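In case you want the letters, here they are:
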Amino acid sequence: IEHSMADATNATINLGASSQRGEVLDVYESVVPPITGTLQLDESLEESLYSTGLYFNIDSRNFPNGEIRDQLHVIDAIPQINYVFTLTSNQVVPAIDETNEFGSAIFYVNCDTGFTEYMIS
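Residues numbered from 1 in each chain as written. Predicted model: local features only at pLDDT ≥ 70, side-chain atom pairs only at ≥ 80, totals over all residues. Heavy atoms only, no water.

Moving on, we come to the overall build of the protein chain. Of regular secondary structure, the protein chain possesses 1 helix and 10 strands. Each helix and strand of the protein chain, ordered N terminal to C terminal, gives the series β-β-β-β-α-β-β-β-β-β-β. Compactness check: the protein chain gives a C-alpha radius of gyration of 13 Å against a globular reference of 14 Å for 121 residues, within 12% of the reference. With the C-alpha coordinates aligned to their principal axes, the bounding extent of the protein chain is approximately 40 × 25 × 20 Å. Every one of the 121 residues in the protein chain was classed for burial, and the buried ones make up 43%. (Helix = DSSP H or I, 4+ residues; strand = E, 2+ residues; numbered from the N terminus. Rg over C-alpha atoms; globule rule 2.2 N^0.38 Å. Buried < 20%, exposed > 50% of the residue type's maximum accessible area, 1.4 Å probe, protein only.)

On to the packing of aromatic side chains, then. Scanning all chains against the criterion turns up 1 aromatic pair. Between Tyr 28 and Phe 56, the aromatic rings sit 5.6 Å apart at their centres with planes inclined by 40°, giving tilted as the arrangement. Pair noted here: Tyr 28 is in the loop between strand S3 (23–27) and strand S4 (35–38) and Phe 56 is in strand S5 (residues 54–60), with a separation of 28 residues, a long-range link. Taken as a pair, Tyr 28 and Phe 56 share a single burial class, namely buried. Looking at Arg 69, its charged tip hangs above the ring of Tyr 55, at a distance of 3.4 Å from the centre. (Phe/Tyr/Trp six-rings, centres within 6.5 Å; stacked < 30°, edge-to-face > 60°. Lys NZ or Arg CZ within 6 Å of the ring centre and 35° of its normal.)

Within the fold, Asn 57 resides in strand S5. Residue classification places Asn 57 among the buried positions, given a relative accessible area of 6%. Within polar-contact distance, the side chain of Asn 57 engages the backbone oxygen of Asn 65 at 3.3 Å. For Asn 57, the residues in contact, after removing those within four places along its chain, are Asn 10, Ala 11, Thr 12, Asn 14, Asn 65, Gly 66, Ile 68, Arg 69, Leu 87 and Val 92. (Polar contact = N/O pair within 3.5 Å; in protein donor to acceptor, adjacent residues only side chain to side chain. Contact = heavy atoms within 4.5 Å.)

Take Thr 38: it is sitting in strand S4. The class of Thr 38 is partly exposed, set by a relative accessible area of 45%. Residues Thr 38 and Asp 26, spaced 12 residues apart in sequence, show a C-alpha to C-alpha distance of 9.4 Å. In this structure, Thr 38 is in contact with Asp 26, Phe 115, Thr 116 and Tyr 118, ignoring residues within four places of it in sequence.

Relative to the elements of secondary structure, Thr 99 occurs in the loop between strand S8 (81–88) and strand S9 (102–109). On the basis of relative accessibility, which here comes to 11%, the residue Thr 99 falls in the buried class. Distance in space between the C-alpha atoms of Thr 99 and Ser 89 is 6.5 Å, their sequence separation being 10 residues. Not counting the four nearest positions on each side in its chain, Thr 99 is found in contact with Glu 67 and Ser 89. At a separation of 2.5 Å, a polar atom in the side chain of Thr 99 contacts the side chain of Glu 67. In terms of polar contacts, Thr 99 uses its side chain to reach the backbone amide nitrogen of Glu 101, at 3.2 Å.

Here's what the structure looks like:
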């Protein structure tokens, strides 16, 4: 994941719909771009991923509940699953209008193993 935030404090993958704040599934050790890592999905989380029920959130000092956010979106489901998303401040719940920060990411899921790789910028 790449992002433009100079004061990012926390980066997470969460379970939740676009209009809701959700349960944190994974917290990243570093918020310095590019943010990379892996996440093992069980069947329930995989279903959430297919239905845009997972999102990436980056917090800052001024917005500790999230400054930029986006749901994960499927871009190619066969034979592997690929997702792309753009993080913006108007997707944070509640929405933030005072920031121009942004981010983006690509996720790859191996359907046979459930192994997930991603790049967040």
